[in-house]
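# Secondary and tertiary structure notes
As a plain string of letters, each chain reads:
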Amino acid sequence: MTEISSILSTSGVRGAYRSSKELSGLPGPEAVTGKGESFSEMLQSATTNAVGKVREAEAVAQKGLTGEMGTQRVVEATLELESTVKVMVSMRDKVVEAYQEIMRMPL
């Protein structure tokens, strides 16, 4: 019977990781240069986009009430708004969950 340490050798894991990077075509952690946006910038842009979608949906709904916009477009805007709200609520839940997990960590 083989020992678990020989099965999970560090070099074996590294080799498997290198092979999987080549298969997926995605850059590994060493390829990240730090030129991308930070987490807070990503959250800020996501919330800004969400607020923009809400305002756009409100404008379309108002135009629909006055008869300037067709029913189909109002329904489409409402469905887009619903999808955006679901994504934002999901993001909020994940951020709260991460915060709670950090607060449970012992110091």
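First things first, this report covers the structure right here in the doc. (Residues numbered from 1 in each chain as written. Predicted model: local features only at pLDDT ≥ 70, side-chain atom pairs only at ≥ 80, totals over all residues. Heavy atoms only, no water.)

## A closer look at helix H4 (residues 71–104)
Filter applied, for reference: Only DSSP runs of H or I with at least four residues qualify as helices, and only runs of E with at least two residues qualify as strands; both kinds are numbered from the N terminus onward. Multiplying one less than the number of residues by 1.5 Å gives the expected span of a helix. Each residue gets one of three labels from its accessible area relative to the maximum for its type: buried under 20%, exposed over 50%, partly exposed in between, using a 1.4 Å probe on protein chains only. Only heavy atoms matter for contacts: two residues are in contact if any of them lie within 4.5 Å across the pair.
Over its 34 residues, H4 extends 49 Å from the first C-alpha to the last, a length consistent with the 50 Å expected when each residue adds 1.5 Å. Residues of H4 that are buried: Val-74, Ala-77 and Thr-84. Buried-residue contacts for H4 involve helix H3 (39–66).

## A word on the environment of Val-60
Tracing the sequence through the fold places Val-60 in helix H3. Along the backbone, Val-60 and Ala-77 are 17 residues apart, and their C-alpha atoms lie at a distance of 6.9 Å. Excluding anything up to four places from it in sequence, Val-60 contacts Met-69, Arg-73, Val-74 and Ala-77.

## Concerning the side chain of Thr-84
Which entries qualify depends on this criterion: Any pair of nitrogen or oxygen atoms within 3.5 Å is treated as a polar contact; in protein, a donor-acceptor pairing is required on top of that, and neighbouring residues in sequence qualify only through side-chain atoms on both sides.
Within the secondary structure, Thr-84 is located in helix H4. One polar contact links the side chain of Thr-84 to the main-chain carbonyl oxygen of Glu-80, over a distance of 2.9 Å. The residues touching Thr-84, leaving out its near neighbours within four places in the chain, are Ala-50 and Lys-53.

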